[in-house]
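# Chains, contacts and geometry: an overview
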Amino acid sequence: MKYRTIGTDPKTRREVSVLALGAMLFGSRTDEATSFAVLDRYVEAGGTFIDTSDNYAFWEDGSQGGQSEELLGRWRRSRGVGDEIVIATKLGARPLAPGTSYVDNPEGLSAKVIRESAERSRERLGVAKLDLLYAHIEDHKVPLQETVETFAELVAEGTVGMLGVSNHAMWRVERARGLAAAAGLPGYEVLQYAHSHLRPRTDVPSDLFPDGSLGHAGAELLGYLRAEPGLTLVAYSPLLRGAYTHPDRLPADFDHPGVPARLKVLREVARETGATVNQVVLAWQIGGELPILPLAGASSVAQLDENLAAVDLELSEEQRARLDAAH
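The rules behind these values
Residues numbered from 1 in each chain as written. Predicted model: local features only at pLDDT ≥ 70, side-chain atom pairs only at ≥ 80, totals over all residues. Heavy atoms only, no water. Salt bridge = Lys/Arg side-chain N within 4 Å of Asp/Glu carboxyl O. Helix = DSSP H or I, 4+ residues; strand = E, 2+ residues; numbered from the N terminus. Buried < 20%, exposed > 50% of the residue type's maximum accessible area, 1.4 Å probe, protein only. Core = buried A, V, L, I, M, F, W, Y, C linked by side-chain atoms within 4.5 Å. Contact = heavy atoms within 4.5 Å. Phe/Tyr/Trp six-rings, centres within 6.5 Å; stacked < 30°, edge-to-face > 60°.

Counted according to the given criterion, the structure contains 22 salt bridges. A salt bridge links Glu69 to Arg124; the shortest N-O distance between them is 2.6 Å. Highlighted residues: Glu69 in helix 3 (residues 67–79) and Arg124 in helix 4 (residues 111–125), separated in sequence by 55 residues. Linking Glu272 and Arg322 is a salt bridge whose minimum nitrogen-to-oxygen distance equals 2.8 Å. Linking Glu272 in helix 8 (residues 258–273) with Arg322 in helix 11 (residues 317–325), this pair joins segments that are 50 residues apart in sequence. Accessibility expressed as a relative area gives 45% for Glu272, which makes it partly exposed. Linked by salt bridges that have partners in common, Lys264, Glu268, Glu272, Glu318 and Arg322 make up one network.

Listed below in structure tokens is the structure:
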């Protein structure tokens, strides 16, 4: 395994494995025995960075979520896991009632919600401190200052370590970070956005993003990383939920003329290295010039082992140049 430091404050920054494990479906679609086996294998291989959320996976059974955090809590207790494993979670997108969603009925990012939701996450996970806590989606009904100040209070109280943000417009991320800096408060240091080698259209509206997607790491976010070396991108859905090996799963927003050229180069590099396309995608992210940590889920130990092998896959500069330039 290889490791990278996230965060800048010596009191809260952590060294984590360069491959993060997504626990979104643990305890719901992925049963407990399989989830425990994947988690055990990940830790055995040196993995130390696990990702969840307080709303995972509400859509599986019409609940409000919490199954993933609860399973991780049971796994931690049964294995005697301590703070050597960094568990990141998120709040803001938990449905306020069963049968609803984060689009029509989200918990939001008010001071009250942040405090109560963070406390519930700590209870479910069985931890005294959340190593990394993300603002999951935007909340336009609450002043940014309230959100920024409340997150900072949790850090000051010692119940949260680092702060992160996901699925927010870059201008709102920068504004929140500016408010925190002006007040001498900790701000967002980890950005979690969808990112893979194939690039989606980001102009396609959705219920959550009426002006086009804010959930993908596009040119603005990558430029922001270049300008702010203290930031880290945690890249979710790096393998597009299996679409590299099952093209029929490729989301509709990837149906555009730029995709075939990038797929062609990926397959060429996979043949040259003897690796799978999935491994090339992960290695491209891990070894690039920008601080990107792929966050990949796994529904079996075999899937996880394929992903783990990408950590040691070394791409040549020429191969990286071809992968970067394809369009």
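Before going further, it helps to examine the nonpolar core. Membership of the largest hydrophobic core comes to 91 residues, with the highest contact counts inside it found for Phe49, Ile50 and Leu191. Take this core: its biggest share by element is 7 residues, from helix 9 (residues 277–286). Excluding residues that lie within four positions of it along the chain, Ile50 makes contacts with Leu21, Ala23, Leu39, Tyr42, Leu72, Trp75, Ile85, Val86, Ile87 and Ala88.

Below, the discussion takes up the packing of aromatic side chains. Overall, the coordinates contain 4 aromatic pairs when judged by the stated rule. Centre to centre, the rings of Phe58 and Tyr102 are 5.8 Å apart; their planes meet at 85 degrees, and the pair counts as edge-to-face. With Phe58 in helix 2 (residues 58–61) and Tyr102 in the loop between strand 5 (86–91) and helix 4, this residue pair connects regions lying 44 residues apart in the sequence. Its relative accessible area of 29% is what places Tyr102 among the partly exposed residues. Ring plane angle 70 degrees and centroid distance 6.2 Å describe the contact between Phe151 and Tyr188, whose orientation is recorded as edge-to-face. Linking Phe151 in helix 5 (residues 144–157) with Tyr188 in the loop between helix 6 (170–182) and strand 8 (190–194), this pair joins segments that are 37 residues apart in sequence.

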